[in-house]
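Here is how the chains run, residue by residue.
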Amino acid sequence: MPEDFMKEALALAREAYEAGEVPVGAVIVKDGRIIGRGRNSTEGDKDPTCHAEINAIRQAAAALGGWRLPGCSMYVTAEPCSMCAGAIVLARIEKLYIGTPDPKAGACVSLSNITTDSRLNHQVELTVGVLQEECSQILKSFFRGLRNKKQLSEDIK
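Residues numbered from 1 in each chain as written. Predicted model: local features only at pLDDT ≥ 70, side-chain atom pairs only at ≥ 80, totals over all residues. Heavy atoms only, no water.

Caption draft 1: Just helix α3 (residues 52–64), in detail. Between its terminal C-alpha atoms α3 stretches 18 Å, which fits the 18 Å expected from 13 residues at 1.5 Å a residue. Taken as a whole, α3 has its buried residues at Ala52, Glu53, Ile54, Asn55, Ala56, Ile57, Ala60 and Ala61. Where the residues of α3 are buried, they touch β1 (25–30), β2 (33–39), β3 (72–78) and α4 (82–90). Positive phi shows up at glycine 65, right after α3, with a value of about 75°. (Helix = DSSP H or I, 4+ residues; strand = E, 2+ residues; numbered from the N terminus. Expected span 1.5 Å × (residues − 1). Buried < 20%, exposed > 50% of the residue type's maximum accessible area, 1.4 Å probe, protein only. Contact = heavy atoms within 4.5 Å.)

Shown next, in the form of structure tokens:
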């Protein structure tokens, strides 16, 4: 079951990739039904807060009619950053399924553990590694493409 929802998040990550955004996708599920979807849209929206997780939280909150998301699970293709991890805690999301860790910016298991910090008023149950290979591969492909473009533009100069 977690794999099915992560596949939905991966489809959103592919949409982000095609739009030239860092390919991260997220879905929020309540009672077996997706109530929020999001993909990175920071470049297109010219807004640094438009990460996949934040966009999914906004949609889920609108669907439920409030900012608390009790009984909800989030499936996200890459480990959330500190901003998103904080929003997940504030939204009271119950479970977080992460596709692949992010050793450079991840704030759930890699650089810090915001979502499980007992000093905060809410902790999130974590599962890491759901469809990890697929989630990791789309990010690697995206950043390889960026490096190749950069190299090409430097070679032309």
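Caption draft 2: Representation of the pairing of β1 within the structure. With five of six residues buried, β1 lies mostly within the body of the structure. In the sheet, β1 pairs with β2 via six bridges, with the strands oriented antiparallel. Each bridged residue has a counterpart across the sheet, and for valine 27 the counterpart in β2 is arginine 37. Connecting the antiparallel pair β1 and β2 is a turn made up of two residues, with aspartate 31 showing a positive phi of about 55°. Bridge count for β1 against β3 is five bridges, and the pairing is antiparallel. The partner of isoleucine 28 across the bridge, within β3, is methionine 74. (Pairing = 2+ DSSP bridges.)

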